[in-house]
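Residue strings, one per chain:
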Amino acid sequence: LLGSARQRVSRQVAAIAISPDSRRVAVSDTIGNLELWDRASMRRIASRRETGGYSLAFSPDSTRLASELMLWSVRNDTFEPICAIPAEYQVIGQQF
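Residues numbered from 1 in each chain as written. Predicted model: local features only at pLDDT ≥ 70, side-chain atom pairs only at ≥ 80, totals over all residues. Heavy atoms only, no water.

(A) Representation of the overall build of the chain in the model. Counting its regular elements, the chain contains 0 helices and 8 strands. Going residue by residue from the N terminus, the α and β elements of the chain occur as β-β-β-β-β-β-β-β. Counting across all 96 residues of the chain, residues that qualify as buried make up 39%. For the chain, contacts bridging at least 24 residues in sequence account for 36% of all contacts bridging at least 6. Just so you have it, the chain exposes about 5,900 Å², and 48% of that area is on carbon and sulfur atoms. (Helix = DSSP H or I, 4+ residues; strand = E, 2+ residues; numbered from the N terminus. Buried < 20%, exposed > 50% of the residue type's maximum accessible area, 1.4 Å probe, protein only. Contact = heavy atoms within 4.5 Å. Areas by Shrake-Rupley, 256 points an atom, 1.4 Å probe, with all protein chains shown as cover.)

Following this line, the structure appears as structure tokens:
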């Protein structure tokens, strides 16, 4: 899906979200890794381990990303934590 043949993701994808401005794609896999890709160049620009989940959603202004475990700022093409979602909650999906 993303990247060239030699960069292709070989893990099982759990969730994909395209930012409303169409610049970035967020991908999480089944073991919790979270990646941010530049849509134009098909290049991975950021990644975090054990922070993804089975649902992802960008904010309408494309500056925040919600995963099952965390709300992230992605304004500067990095994952900066805004707040954690308490472990006692089971997130099934989210929407801004």
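(B) Representation of the pattern of salt bridges within the structure. Counting across every chain of the model gives 5 salt bridges. We note a salt bridge from Arg 64 to Asp 61, for which the minimum N-O separation is 3.7 Å. Classification of Arg 64 by relative accessible area gives partly exposed; the value is 27%. Shared partners join several salt bridges into a network, and the residues in it are Asp 21, Arg 23, Arg 24 and Asp 77. (Salt bridge = Lys/Arg side-chain N within 4 Å of Asp/Glu carboxyl O.)

(C) Focus on the packing of aromatic side chains. Applying the stated criterion across every chain, the model contains 1 aromatic pair. Geometrically, the ring pair formed by Trp 72 and Phe 79 is edge-to-face, given 5.6 Å between the ring centres and 65° between the ring planes. In this structure, Trp 72 and Phe 79 share a single accessibility class: buried. (Phe/Tyr/Trp six-rings, centres within 6.5 Å; stacked < 30°, edge-to-face > 60°.)

(D) Structural context of the sheet that holds strand β3 (residues 34-38). Taken in spatial order, the 4 strands of this open sheet run β1-β2-β3-β4, and their pairing is antiparallel. Each having just a single partner strand, β1 (13-18) and β4 (43-48) make up the two edges of the open sheet. Each strand axis lies, on average, 20° off the axis of its neighbour in the sheet, ignoring direction. Summarising the sheet, strand β2 (residues 24-29) and β3 pair through 5 bridges and their orientation is antiparallel. By the bridge assignment for β3, Ser 28 is matched with Leu 34. (Pairing = 2+ DSSP bridges. Axes fitted to C-alpha atoms, helices over the stretch in contact; angles between N-to-C directions.)

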